[in-house]
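Topology and contacts: notes
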Amino acid sequence: MDRVSAFDEPLKKLLGGATAKVMAEHLDLHTVGDLLHHYPRRYEERGRLTALTDLPLDEHVTVVAQVDDARVMTFNGGRGKRLEVTLTDGHGRLQLVFFGHGVHKPHKELLPGRRAMFAGKVSVFNRKMQLAHPTYQLLDADSVDEAGASEAVDAFAGKLLPIYPACKQLDSWRIAKAVDAVLPSAQEAVDPLPPALREGRGFTPLPEALVKIHRPQTKADVAAARDRLKWDEAFVLQVALARRRYADTQLPAVARKPVPGGLLDAFDAKLPFTLTDGQVKVSKEIFDDLATEHPMHRLLQGEVGSGKTMVALRAMLGTVDAGGQAAMLAPTEVLAQQHHRSITEMMGELAEGGMLGGSDQGTKVVLLTGSMGMAARRQALLDLVTGEAGIVIGTHALIEDKVQFHDLGLVVVDEQHRFGVEQRDALRSKGKQPPHLLVMTATPIPRTVAMTVFGDLETSVLDQLPAGRSPIASHVVPAKDKPHFLSRAWERVREEVENGHQAYVVCPRIGDDEDDSAKKKTAAGKKKAAEEKEAKEAEGDKRPPLAVLEIAEQLAKGPLTGLRIEVLHGRMHPDDKDDVMRRFAAGQVDVLVATTVIEVGVNVPNATAMVIMDADRFGVSQLHQLRGRVGRGSAPGLCLLVSEAHEASPARARLSAVAATLDGFELSRIDLEQRREGDVLGQAQSGVRSSLRVLSVIDDEEVIAAARQEAVTVVAADPDLEHLPELRVALDALLDKDREEYLDKG
């Protein structure tokens with residue numbers, strides 16, 4: 001059998017149809033290679049008891065513990081039987097329960113003092129943790145009463161017991177038996193690491209690493225295997241990304257060098273402040289890229305308010321100076337309008353090129369959104385195709401076929417995480433040659449994630465806030481435990497308004513039930529409704545999330561009566577949204593009750609307070625984004641996170657973390673630890689299925705950074721990997737069709 005096909009062998013050939021079917025459907029394991037890469041989550045040492053004190057609710061777990069007590073109870077007048085077994089590990093206790101005919105075997109085997117491995121789903125009954133009908137395997141030699149069972153027990157003795165990621169239909173030890181059946185194929189593993197790299201770093205050979213991770217004799221075996229397998233994952237992934245970057249450098253692009261005495265110099269001359277050191281450094285990186293004859297692909301990440309828009313605008317002006325056009329793509333109409341307004345204000349008469357009273361050096365700055373009137377839209381399209389407009393700001397309306405540019409030189413994408421790679425790609429294809437690309441995000445991304453998820457982009461970071469930004473105080477308001485705290489929150493809002501400031505109140509839902517029910521009729525709506533229902537049930541919470549329309553009415557009649565209150569949400573007509581936003585920015589509205597449409601880019605320096613209702617229903621990054629809307633002027637900001645979550649709950653821990661730091665990079669790390677990595681190459685960054693099995697983008701920064709360097713060296717020397725066929729095989733296995741497309745579009 002050749003080396004590749006051993007790993008491609010379907011599992012049903014070796015394991016039988018039923019087991020293979022469960023593995024395929026519930027664990028996404030189809031071939032020998034899949035199963036060999038399904039690594040143990042952890043290892044138990046025989047005799048060392050698992051802590052029963054921190055079992056996760058509703059998860060399928062495996063525990064090693066000792067029987068403390070076992071008794072049969074009857075119910076239904078003696079017709080029904082129930083076996084209750086209490087386990088202990090010296091720290092905590094756990095109850096097992098068996099019913100009906102399932103009582104007999106465990107009643108004979110699970111005697112006090114016996115030790116076993118148990119697997120089942122953790123639930124709560126009568127306020128006690130329990131496993132109902134768990135499967136189990138006895139671990140002590142004196143419990144053997146069937147021929148052949150003693151061999152199984154001996155196999156466990158003195159060894160590390162692998163605990164595999166399992167599912168309800170297949171326990172960890174049944175997976176371990178299946179691994180035993182395929183483990184001989186590990187000898188056929190194709191090693192992706194170039195020999196020089198492998199020898200230079202002293203790595204264990206791959207076949208040996210696979211055997212050691214599944215059947216270690218010692219903890220040192222596990223460490224050696226994990227170190228090796230982490231490198232495989234990091235290196236193959238970084239080679240894929242390095243090849244993308246290399247391919248990009250082979251594309252032609254028009255170099256865009258700013259012209260001395262042009263639009264950029266005129267703009268800089270009228271700036272009423274100096275750029276921060278960070279803005280100067282990042283601008284240089286961008287202008288260096290723009291001056292080359294292959295397309296820039298750069299990610300600009302920076303805290304809320306760190307001045308990214310200013311950096312992007314200067315790059316756009318430099319591009320216009322060099323004879324090109326620049327397009328800025330925003331995820332929502334509110335944000336596109338906001339950017340258009342702030343950019344034309346910053347540029348002043350320079351944004352009125354060719355218009356009466358405009359500057360000779362100026363250019364036209366046009367807005368293009370889906371809801372514009374026909375005449376305005378026609379004029380904007382004309383200005384783009386003739387080159388009259390040097391800068392266009394818009395939503396995905398910019399991507400439509402009928403939008404043509406005179407000479408598109410630079411694309412700036414705001415808030416990458418809201419924009420599909422297909423959309424980014426469609427806009428790029430509008431240039432005569434590929435335009436330069438700058439992607440901006442205000443969601444701080446840990447360096448390791450930037451090197452993996454955005455590995456096809458070079459990264460620039462703005463990490464200092466411009467002078468004049470004020471500190472933001474954040475507090476959790478436990479509305480259920482301490483209702484008077486909520487009353488005080490509304491008093492604080494009133495105080496801010498009396499001091500001449502404004503406030504936001506953010507709610508998770510709009511609250512127009514007719515529209516909600518209509519939304520639920522769509523497939524996406526149904527899915528979202530089911531997810532919301534599941535989340536509520538998991539929280540034991542039957543109350544729907546608080547809604548903008550209801551809260552606005554309650555505040556107007558109650559604690560904020562007499563104040564000028566307006567609402568803002570995504571289902572309003574764009575003109576109405578823009579009108580509310582304008583009046584809020586002009587100080588004609590005291591309190592804006594809104595959904596997360598205000599999350600990104602909304603800039604009202606006079607708004608100093610924000611109250612986030614049901615804050616536990618938002619993610620960490622989202623809370624950080626929302627909070628960044630206050631404290632944008634000279635007065636200090638206040639952010640109150642209102643929650644009914646229980647003090648000991650993970651939701652409250654998340655809110656406390658947000659309240660404790662303003663460092664977005666620290667928060668993004670916390671967020672990542674809670675969500676885990678997701679599939680770094682898949683479009684759903686959800687944590688459900690990860691292509692990373694032992695590599696952690698949280699903990700393995702050094703490995704990822706070193707692998708990136710090695711990958712760049714390898715790809716520079718041999719871009720098509722002609723001399724590294726094993727690496728090509730590993731790359732093909734990593735990049736199934738979907739992921740290859742994802743990278744291609746990225």
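Keep in mind that what you see is a predicted model, and the values were worked out from it rather than measured.

**Observations regarding the overall build of the protein**
Tallying secondary structure elements over the protein gives 28 helices and 21 strands in all. Counting every position in the protein, which comprises 746 residues, the buried fraction comes to 52%. Contacts in the protein between residues at least 24 apart in sequence constitute 73% of all its contacts with a sequence separation of at least 6. For the protein, the accessible surface area stands at approximately 33,800 Å², while carbon and sulfur atoms represent 52% of it.

**Topic: the packing of aromatic side chains**
The tally for this structure, following the rule as stated, stands at four aromatic pairs. Ring geometry for Phe 98 versus Tyr 136: centroids 6.4 Å apart, planes at 80°, classification edge-to-face. Residue Phe 98 is found in strand E4 (residues 93-99), and its partner Tyr 136 is found in strand E7 (residues 135-138); the two are separated by 38 residues along the sequence. Both rings, one in Phe 203 and one in Trp 231, keep their centres 5.6 Å apart while their planes meet at 50°; by these two values the pair is tilted. Of this pair, Phe 203 sits in the loop between helix H8 (195-200) and helix H9 (206-214) while Trp 231 sits in helix H10 (residues 219-250), and the two are 28 residues apart along the sequence.

**Quick look at the sheet that holds strand E10 (residues 325-329)**
Here seven strands make up an open sheet; going across it, the order is E11-E12-E10-E13-E14-E9-E15 and the pairing parallel. Lying at the two open borders of the sheet, with one neighbouring strand each, are strand E11 (364-368) and strand E15 (458-462). Averaged over all pairs of adjacent strands, the angle between strand axes in this sheet comes to 20°, irrespective of strand direction. Sheet topology note: the E10/strand E12 (residues 389-394) ladder contains four bridges and is parallel. Bridged to Leu 329 within E12 is Gly 394. Its contacts with the sheet place helix H14 (residues 333-347) against E10, E11, E12 and strand E13 (408-414), and it is angled at close to 170° to E11.

**Some points on the nonpolar core**
Counting 38 residues, the largest nonpolar core has Met 347, Ile 391 and Leu 410 as the members making the most contacts within it. It is helix H13 (residues 308-321) that provides the largest number of residues to this core, a total of eight residues. If near-sequence neighbours (up to four positions away) are discounted, Ile 391 is found in contact with Leu 313, Met 316, Leu 317, Val 320, Ala 326, Met 347, Lys 364, Val 365 and Val 366. Counting 33 residues, the second largest nonpolar core, distinct from the first, contains Leu 27, Tyr 43, Ala 176 and Leu 229.

**Observations regarding the packing of helix H12 (residues 277-290) against H13**
With their axes 10 Å apart at the nearest point, H12 and H13 run at an angle of 35° to one another. Considering the relative orientation of H12 and H13, their crossing is right-handed. On the side of H12, the interface is formed by Gln 279, Val 282, Ser 283, Ile 286, Phe 287 and Leu 290, while H13 contributes Met 310, Val 311, Arg 314, Ala 315, Gly 318 and Thr 319. Grouping the amino acids of the contact of H12 with H13 by side-chain chemistry returns seven nonpolar, four polar and one charged.

**Some remarks on H13**
Every α-helix carries 3.6 residues per turn, so stepping three or four residues along brings you back to the same face. Over its 14 residues, H13 runs 20 Å from end to end, which matches the ideal 20 Å to within 8%, given 1.5 Å per residue. Burial runs high along H13: 13 of the 14 residues are buried. Gly 323, located one to two residues past H13, shows a positive phi value of around 90°.

**Concerning the sheet that holds strand E18 (residues 565-568)**
Strand order in this open sheet of six strands is E16-E21-E20-E17-E19-E18, and the pairing throughout is parallel. Strands at the two margins of the open sheet, each flanked by one partner only, are strand E16 (472-478) and E18. Pairs of neighbouring strands in the sheet enclose a mean axial angle of 20°, with direction left out of account. Relative to strand E19 (residues 591-594), E18 runs parallel, the two being bridged by four bridges.

**Notes on unusual backbone geometry**
The general pattern is negative phi for most residues beyond glycine and trans for most peptide bonds. In the Ramachandran plot, Asp 28 falls in the positive-phi region, its phi being about 60° despite a non-glycine side chain. Tracing the chain through its elements places Asp 28 in the loop between helix H3 (17-27) and helix H4 (32-36). Residue Asp 28 is classed as partly exposed on the basis of its relative accessible area, which comes to 32%. In the Ramachandran plot, Asn 126 falls in the positive-phi region, its phi being about 50° despite a non-glycine side chain. You can see Asn 126 is positioned in the loop between strand E5 (115-125) and strand E6 (128-132).

**Structural notes on the pairing of strand E14 (residues 436-441)**
Among the six residues of E14, six are classified as buried, and the element is accordingly described as predominantly covered. Both strand E9 (residues 297-302) and E14 contribute to a ladder of five bridges, which runs parallel. Its bridge partner lying in E14, Gln 301 is registered against Thr 441. Relative to E14, E13 runs parallel, the two being bridged by five bridges. Opposite Val 413, over in E14, you have Val 439 as the bridge partner.

**Quick word on the pairing of strand E3 (residues 80-88)**
Within E3, seven of the nine residues are buried, which leaves it mostly tucked inside the rest of the structure. Note that E3 and E4 share seven bridges and pair antiparallel. Within E4, the position partnered with Arg 82 by the bridge is Phe 99.

**Notes on the environment of Met 296**
Looking at the secondary structure, you find Met 296 in the loop between H12 and E9. Setting aside residues no more than four positions away along its own chain, Met 296 makes contact with Ile 286, Asp 289, Leu 290, Leu 410, His 436, Leu 437 and Leu 438.

**Overview of the pattern of salt bridges**
Per the counting criterion, the structure on display carries 36 salt bridges. Salt-bridge contacts for Glu 285 lead to Lys 281; the nearest nitrogen and oxygen are separated by 3.7 Å. Here the residue Glu 285 and the residue Lys 281 both occupy positions in helix H12, the gap between them amounting to four residues, near one helical turn. We note a salt bridge from Glu 491 to Arg 488, for which the minimum N-O separation is 3.2 Å.

**Regarding the environment of His 396**
Along the chain, His 396 turns up in the loop between E12 and E13. Residue His 396 is classed as partly exposed on the basis of its relative accessible area of 48%. His 396 sits 65 residues away from Pro 331 along the chain, and the two C-alpha atoms are 7.3 Å apart.

**A word on the confidence of the model for the protein**
On average, residues of the protein score 81 in pLDDT, and 82% of them reach the 70 mark or higher. The lowest-confidence element of the protein is helix H6 (residues 149-156), averaging 48 in pLDDT; the highest-confidence one is strand E17 (residues 502-506), averaging 95. Note on residues 143-150: pLDDT is under 50 here. Beyond four places in sequence and across chains, it has six contacts. A low-confidence stretch, residues 514-520 (pLDDT under 50), is modelled with eight contacts involving residues beyond four sequence positions or located in other chains.

**Details of the environment of Pro 272**
Among the secondary structure elements, Pro 272 is positioned in the loop between helix H11 (263-269) and H12. Given the relative accessible area of 75%, Pro 272 is considered exposed. In this structure the C-alpha to C-alpha distance between Pro 272 and Met 346, which are 74 residues apart in sequence, comes to 9.8 Å.

**Some remarks on the side chain of Asp 414**
When you line up the elements, Asp 414 lands in strand E13. Although Asp 414 lies buried, it forms no salt bridge, and the closest oppositely charged side chain, Lys 308, sits 6.3 Å away as judged by the N-O distance. A distance of 2.7 Å separates polar atoms of two side chains, one belonging to Asp 414 and the other to His 339. Setting aside residues up to four positions removed in sequence, Asp 414 forms contacts with Leu 329, Ala 330, Pro 331, Leu 335, His 339 and Met 440.

**With respect to the side chain of Asp 383**
Among the structural elements, Asp 383 can be located in helix H15 (residues 374-386). We classify Asp 383 as buried; its relative accessible area is 5%. Setting aside chain neighbours within four positions, we find Asp 383 in contact with Gln 325, Lys 364, Val 366, Glu 388 and Ala 389.

Definitions and limits used
- Residues numbered from 1 in each chain as written.
- Predicted model: local features only at pLDDT ≥ 70, side-chain atom pairs only at ≥ 80, totals over all residues.
- Heavy atoms only, no water.
- Helix = DSSP H or I, 4+ residues; strand = E, 2+ residues; numbered from the N terminus.
- Buried < 20%, exposed > 50% of the residue type's maximum accessible area, 1.4 Å probe, protein only.
- Contact = heavy atoms within 4.5 Å.
- Areas by Shrake-Rupley, 256 points an atom, 1.4 Å probe, with all protein chains shown as cover.
- Phe/Tyr/Trp six-rings, centres within 6.5 Å; stacked < 30°, edge-to-face > 60°.
- Pairing = 2+ DSSP bridges.
- Axes fitted to C-alpha atoms, helices over the stretch in contact; angles between N-to-C directions.
- Core = buried A, V, L, I, M, F, W, Y, C linked by side-chain atoms within 4.5 Å.
- Left-handed = near helix turned anticlockwise from the far one by under 90°.
- Nonpolar A, V, L, I, M, F, W, Y, C, P; charged D, E, K, R; others polar.
- Expected span 1.5 Å × (residues − 1).
- Salt bridge = Lys/Arg side-chain N within 4 Å of Asp/Glu carboxyl O.
- pLDDT = per-residue confidence, 0-100.
- Lys, Arg positive; Asp, Glu negative; His and termini not counted.
- Polar contact = N/O pair within 3.5 Å; in protein donor to acceptor, adjacent residues only side chain to side chain.

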